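Residue-level structural notes
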Amino acid sequence: MAKMYHREKSIQLKSSASALYNNLSVLRLAPRSLTHFAVVHANVVNLVSASWDGLNYSHRQLQSKEGNVATSSSLIMQAAWCVLPSRDLLVVASQKGIQMYESDGSIMVYWHALDTPETPTAKAIFARGIAAVREKYICVGVSSGAVLVFDVPSKGSNITLSEVLEEHTEAVTDMASECSGSMEYIADLVSADDSGLLCVWKSGGDFQLLNKIPGFDMSCSSVKLWKGTVIAAYGTGQIRLYEGVTGILHAEVNAHARWIYSLDIAPFTGLLLSAAEDSFVRVWHLNPAPESNSVEIEHLYNECVTDTQICGAKFCDGDGFAFAVTGYDLIEIIRYTQA
Amino acid sequence: MSTRTLPLVFINLGGEMLYILDQRLRAQNIPTDKAKKATVAGWIEEDRKRVMNDIITTMFNKKFLEELFKPQELYSKKALRTVFDRLAHASIMRLNQASMDKLYDLMTMAFKYQVLLCPRPKDILLVTFNHMDAIKEFVRDTPSILSQVDETYTQLIEIYTPLSCGEFQLIRQTLLIFFQDMHIRVSIFLKDKVQNSNGRFVLPTSGPVPYGTHSPGLIRMLSCNGEEVKRLQFHDGGNYTAALREGSFELFGDRVIKLGTNMYSVSRPVETHMSGTSKISSQHTKVNTIPNPLAKEELNLLAKLMGGLEVRKPSNTDSGFRVNLFATDEEEEEALISRPAELSYGVINIQATKDNLANAELAKIMGEFTESDEPVPSSSSKGDDLLAMMDGL
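Residues numbered from 1 in each chain as written. Chains lettered and ligands numbered in written order. Predicted model: local features only at pLDDT ≥ 70, side-chain atom pairs only at ≥ 80, totals over all residues. Heavy atoms only, no water.

**Notes on the sheet that holds strand β11 (residues 127-133) of chain A**
Two strands in a sheet stick together by hydrogen bonds in their backbones, pointing the same way (parallel) or opposite ways (antiparallel). Residues and elements named next belong to chain A. Pairing within the open sheet is antiparallel, and its four strands lie in the order β11-β12-β13-β14. Strands with a single pairing partner mark the edges of an open sheet, and in this sheet they are β11 and β14 (160-165). With direction set aside, neighbouring strand axes in the sheet form an average angle of 25°. Bridging between β11 and strand β12 (residues 137-142) involves five bridges; their strand directions are antiparallel. Among the inter-strand pairings, A127 is bridged to a residue of β12, identified as V142. (Pairing = 2+ DSSP bridges. Helix = DSSP H or I, 4+ residues; strand = E, 2+ residues; numbered from the N terminus. Axes fitted to C-alpha atoms, helices over the stretch in contact; angles between N-to-C directions.)

Structural data, given as structure tokens:
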């Protein structure tokens, strides 16, 4: 196999990445020729902003301070940027609740506390799974299975919890919105949980459940939605492609030898990135086949990050020209670009 | 994150501690000239058994385990270290600071390795069962302790086997956060080539895949009515084989996986490379400040542990047994002096006079334990004694 990507200079972090699903978020700011990276370390979010010429890096660390609680800070499950037409927000999901910051992490604009009992319960409580949907919604999953829908104004801090979607009965693992940018697809959002159940939604004043795709008692750890196709990755190392609205299974891939931790899609080219605890990152190509009303998948590339359980992998641009990887206990972001 | 991690941490670290102590006690028992010089007195088999029995009895103290199995957040590294300091000294055996540090390093790195390498998150339970099986073997001649251990075994099975794979993954992720940034090199791992010289563990890309997983390399495409229309192979870059059968989650049975079994023997002795922690870890290791080391629950645990445990002070210090985790006393002294500051555990020293709030809480907890004791002149003086004992930790 010809070497499709080659390794670039890594970006150092202030603290190592924790083993959490989708533990890397990337925000590309074209007007300023900057890329932001966010990686969770226990109770801290490491933010790095890198200039495209690779000469300047600036770091910031966010602590999961929660409102008025002076005691121990809580562990963070995920940090991700939400890109809405009017503004970008950094959303941090933790054991105590959900924080929303301006995209550079400078100002916290909103805080939503989870109901936490005084004595810990057998079932852990946390928020996990973050997605921006259409014009003004940010959706965040909760360990109870609920999906919280926040209505975000184009500016200011008047963010409101507009709806709670209760279709999942297991902890939400991940969430994704349609990333092709096209309005022609009915489904806007897909949510996944620890049982592997996938819920497909249409956004609006009231979110509408379009379809429930049953799981098979195996966590779906990462999910994407592209041109109406749901791409779901599981603890078995499998990737499945479903038609979102009908739930028809188009393809099933024995992709990895261990739990998959992250998926990403390059919306302009249909390149798919998968990364797992087995230390492999793989690049795939999705090819819609309109004549058979389905989508095909082909394997393009493997990269082995030696002795690293990968926890985050994201394309750095819409074409899939470059991608970045984080791993458990690793104090750097490893970058690859097309040769 | 997961509120179910503490019993697993305690049992698995405790299990590793027992493996190491057993090996050291057996090694020091060998009356070679070297061993004679290195130890205060020759150990006899009876002493080894007594130490193992005393520690296991303390570990599986009913009240303590009741407390342990309640859903709760994982404790700070400091608090846990304090618990194991206490546990190691639950018998007539004594360890000095350097040996205790080394013991704790070995225990934690061994369990980190097991958590990292276990094929599926659920296999952490099989690792735990391997430790439990070995602990039962240690006390097989003492039925009273054996039944105590079996009770905990049953409890483990009841609580953990119904958990979903997602809950086990959360347990695993919580444990990995606990062990994050620990890169101490362990000679037995280095020799076996499962650890690199930078302290990171080797992750194989060959061998059997986890139970329930298919070897990577196959793409199946399906038609709208579910028929397979195309089948493609791809090169996966590894060298995987089919999964082994699933290990037994029953009280007895073959666990299949070997993680968590005793890796030490007289021919594979206990050693650590302490000075050689990697640059990366020494630059960036931070004291895990979460959760608050003086949280109520932590004091509670310490108090409960002490409630179930009499401090055995050798009546005559000269006759006390000391175990050395190093080859010689000189090496042990050297290790204490040369230990990097960031690796210091700084065992919690609870000041009886400082934190009034924590103190009142602790005294209250302590009070609960005095009930079954013989009447004491005043309950406060009993509390003071216990606090003083904790100061001495």
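**Notes on the side chain of B:D123**
All names here are of chain B. Structurally, the position occupied by D123 is in helix α7 (residues 123-138). Under the relative-accessibility criterion, D123 is labelled buried at 4%. Those residues in contact with D123, other than ones at most four positions away along the chain, are C118 and I257. (Buried < 20%, exposed > 50% of the residue type's maximum accessible area, 1.4 Å probe, protein only. Contact = heavy atoms within 4.5 Å.)

**As for a negative patch on the surface**
A cluster of like negative charges, contributed by B:E330, B:E331, B:E333 and B:E334, occupies part of the molecular surface. Assignment of secondary structure puts B:E330 in helix α13 (residues 329-338). (Patch = residues over 30% accessible without salt bridge, like charges linked within 9 Å, V, L, I, M, F, W, Y side chains within 5 Å. Areas by Shrake-Rupley, 256 points an atom, 1.4 Å probe, with all protein chains shown as cover. Salt bridge = Lys/Arg side-chain N within 4 Å of Asp/Glu carboxyl O. Lys, Arg positive; Asp, Glu negative; His and termini not counted. Charge placed at Lys NZ, Arg CZ, Asp CG, Glu CD.)

**So, the interface of chain B and chain A**
Many descriptions give the size of an interface as the accessible area lost when the pieces come together. Taken residue by residue, the interface counts 62 residues in chain B and 65 residues in chain A. Roughly 4,900 Å² is buried in total at the junction of chain B and chain A, and carbon and sulfur atoms are behind 54% of that figure. The largest per-residue losses of area from chain B upon contact with chain A belong to B:M1, B:R200 and B:L203, which jointly make up 12% of the total buried on that side. At the surface where chain B touches chain A, the tally comes to five salt bridges. (Buried area = accessible area lost by both parts, 1.4 Å probe.)

**So, empty space enclosed by the protein**
If a probe as big as a water molecule is rolled over the atoms, it shows which places are left empty. Enumeration according to the criterion identifies three cavities of 30 Å³ or more in this entry. Quantified by volume, the largest cavity comes out at close to 90 Å³. For the lining of the largest cavity, the per-class residue count stands at five nonpolar, three polar and four charged. (1 Å grid on protein atoms, 1.4 Å probe; cavity = no way out; pocket = protein on both sides within 12 Å on 5 of 7 lines; lining within 4 Å. Points joined across faces, edges and corners; volume = space filled by probe spheres on them. Nonpolar A, V, L, I, M, F, W, Y, C, P; charged D, E, K, R; others polar.)

**Re the UniProt feature "repeat: WD" (unreviewed entry) in chain A**
UniProt annotation of "repeat: WD" (unreviewed entry) refers to residues 253-294 of chain A when read in the numbering used here. End C-alpha to end C-alpha, residues 253-294 of chain A measures 15 Å, and it is 0% helix and 62% strand. (UniProt positions renumbered as here; feature names shortened; annotations may be inferred.)

**Some remarks on the nonpolar core**
Grouped together as the largest cluster of nonpolar side chains are 124 residues, with contacts concentrated most on A:L198, B:F84 and B:L103. A per-element tally of this core places helix α6 (residues 97-117) of chain B first, with 13 residues. Beyond its immediate sequence surroundings of up to four residues, B:L103 is in contact with B:M17, B:I20, B:L21, B:A88, B:L95 and B:L325. A:A42, A:W81, A:V92 and B:I177 belong to the second-largest nonpolar core, a separate cluster that totals 24 residues. (Core = buried A, V, L, I, M, F, W, Y, C linked by side-chain atoms within 4.5 Å.)

**Details of the environment of B:G237**
The topology assignment puts B:G237 in the loop between β5 (228-233) and β6 (239-241). Accessibility expressed as a relative area gives 36% for B:G237, which makes it partly exposed. Apart from residues lying up to four places away in sequence, B:G237 is in contact with A:F280 and A:N302.

**What to know about helix α3 (residues 45-59) of chain B**
Taking 1.5 Å per residue, 15 residues should reach 21 Å; α3(B) reaches 21 Å between its end C-alpha atoms and fits that length. Along α3(B), the positions that sit buried rather than exposed are B:D47, B:R48, B:V51, B:M52, B:N53, B:D54, B:I55, B:I56, B:T58 and B:M59. (Expected span 1.5 Å × (residues − 1).)

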